[in-house]
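Descriptive analysis of the structure
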Amino acid sequence: MAKFAHIKEFIYRKIESGEWPEYHPVSSENVLAQQFNVSRMTARRALQELADEGLVTRTRGSGTFVAPLKSQSALLTIRNIRDEIELRGHRHHAVVQVLERVPATANLATALQVAANTELLRSVITHYENGQAVQVEDRYVNPWLVPEYLNQDFTVMTPHEYLCEVTPLTEASHLIEAIMPTNEQIQWLGLTEPEPCLQIQRRTSCRDGVVSQATLTHPGSRFRLGGHMTFKTTRRRDQE
């Protein structure tokens, strides 16, 4: 298991056991780095991914706290695909299909909160599990917030990993629907014929604005969506 994943598992256990209730302060990056003998960047990544998943909230100048249980119970967790695959004991690799600069359409301009025709940074990447394509990630990035995006090697580091390192992500929203793939998606996924796919639209933001809009397309025959929720139960006084 990766070092940052050990930190996340430690915090998961603290929250699920009730030792750290809602609004409880979470150990700082420096404390976690010392406790787990890792770099501060590794500790920051663990906390940022927990924030992306809705389990903690981060406020600059105040620190990190366990998120309200109401937020946790509505959580949809979408983790870094490389970690998902490697935690299953399988091999991940990625093929970069497209890296380009494109003008923002009206819809993309609205999603990313930029002016129409603003030049956006686009990547299209196929992710493989044990040699089989399981996801096409089509992502548009705000160049004002992540100017070096297209200069990265996304066969070594996923876009999710890179964005977590360079931008303090504070919010993510998701829309899930069943679709039939386009001809391009069929080609990128290596499908022999069209089949229903599960598509996740994901938008991430930092305190300075919207960072990216990603469309994640998975063949229905090669993908399962799961999650874990915890619920707080209280006993009524008349039952005590």
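Residues numbered from 1 in each chain as written. Predicted model: local features only at pLDDT ≥ 70, side-chain atom pairs only at ≥ 80, totals over all residues. Heavy atoms only, no water.

Some thoughts on the layout of surface pockets
A volume near 440 Å³ is recorded for the second largest pocket. Around the second largest pocket sit 21 residues that line it, and Glu29, Arg58, Thr59, Arg60 and Pro168 are the ones nearest its centre. When contributions to the lining of the second largest pocket are tallied by element, the ones reaching two or more residues are α3 (40–52), β1 (56–59), β2 (63–66), α7 (159–166) and β6 (169–179). Of all the elements, α3 adds the most residues to the lining of the second largest pocket, at 4 residues. (1 Å grid on protein atoms, 1.4 Å probe; cavity = no way out; pocket = protein on both sides within 12 Å on 5 of 7 lines; lining within 4 Å. Points joined across faces, edges and corners; volume = space filled by probe spheres on them. Helix = DSSP H or I, 4+ residues; strand = E, 2+ residues; numbered from the N terminus.)

Notes on the side chain of serine 123
Tracing the backbone shows serine 123 in strand β4 (residues 119–129). At 2.7 Å, the side chain of serine 123 forms a polar contact with the side chain of tyrosine 149. Beyond its immediate sequence surroundings of up to four residues, serine 123 is in contact with Val98, Leu99, Glu137, Asp138, Arg139, Tyr149 and Pro159. (Polar contact = N/O pair within 3.5 Å; in protein donor to acceptor, adjacent residues only side chain to side chain. Contact = heavy atoms within 4.5 Å.)

A look at the pattern of salt bridges
Counted according to the given criterion, the structure contains 14 salt bridges. Notably, a salt bridge pairs glutamate 29 with arginine 40, separated by 2.9 Å at the nearest N-O pair. Placement of the pair is glutamate 29 in helix α2 (residues 29–36) and arginine 40 in helix α3, with a sequence separation of 11 residues. Assessed through its relative accessible area of 44%, arginine 40 is described here as partly exposed. Taking the shortest distance from any N to any O, the salt bridge between arginine 122 and glutamate 100 comes out at 2.8 Å. Residue arginine 122 is located in strand β4, and its partner glutamate 100 is located in strand β3 (residues 92–103); the two are separated by 22 residues in the primary sequence. Overall, arginine 122 belongs to the buried group, its relative accessible area being 13%. (Salt bridge = Lys/Arg side-chain N within 4 Å of Asp/Glu carboxyl O. Buried < 20%, exposed > 50% of the residue type's maximum accessible area, 1.4 Å probe, protein only.)

Points about the packing of aromatic side chains
Inspection of every chain in the model, using the stated rule, returns 5 aromatic pairs. On the basis of an interplanar angle of 90 degrees and a centroid distance of 5.9 Å, the ring pair of phenylalanine 10 and tryptophan 20 is categorised as edge-to-face. Highlighted residues: phenylalanine 10 in helix α1 (residues 3–16) and tryptophan 20 in the loop between α1 and α2, separated in sequence by 10 residues. Pair check on accessibility: phenylalanine 10 and tryptophan 20 agree, each one buried. Taking 4.9 Å as the distance between ring centres and 40 degrees as the angle between the ring planes, the aromatic pair formed by tyrosine 149 and phenylalanine 154 counts as tilted. Judged by its relative accessible area of 0%, tyrosine 149 is buried. Since its relative accessible area comes to 1%, phenylalanine 154 is described here as buried. Among the aromatic residues, those joined into a cluster by ring pairs are Phe10, Trp20 and Phe36. The positively charged end of arginine 45 is found above the aromatic ring belonging to phenylalanine 4, 3.7 Å away from the centroid. (Phe/Tyr/Trp six-rings, centres within 6.5 Å; stacked < 30°, edge-to-face > 60°. Lys NZ or Arg CZ within 6 Å of the ring centre and 35° of its normal.)

Observations concerning the environment of glutamate 119
If you trace the backbone, glutamate 119 turns up in strand β4. Here the alpha-carbon distance between glutamate 119 and valine 102, two residues 17 residues apart in the chain, equals 5.4 Å. In contact with glutamate 119, not counting residues within four places along its chain, are Arg101, Val102, Pro103 and Pro143.

Quick word on α3
Taking 1.5 Å per residue, 13 residues should reach 18 Å; α3 reaches 18 Å between its end C-alpha atoms and fits that length. Counting buried positions over the 13 residues of α3 gives 10, a clear majority of the element. Immediately beyond the C-terminal end of α3, within one or two residues, lies glycine 54, with a positive phi of roughly 90 degrees. (Expected span 1.5 Å × (residues − 1).)

What about α7?
Burial within α7 is extensive, with 6 of its 8 residues counted as buried. The complete set of buried residues in α7 reads Pro159, His160, Glu161, Tyr162, Leu163 and Cys164.

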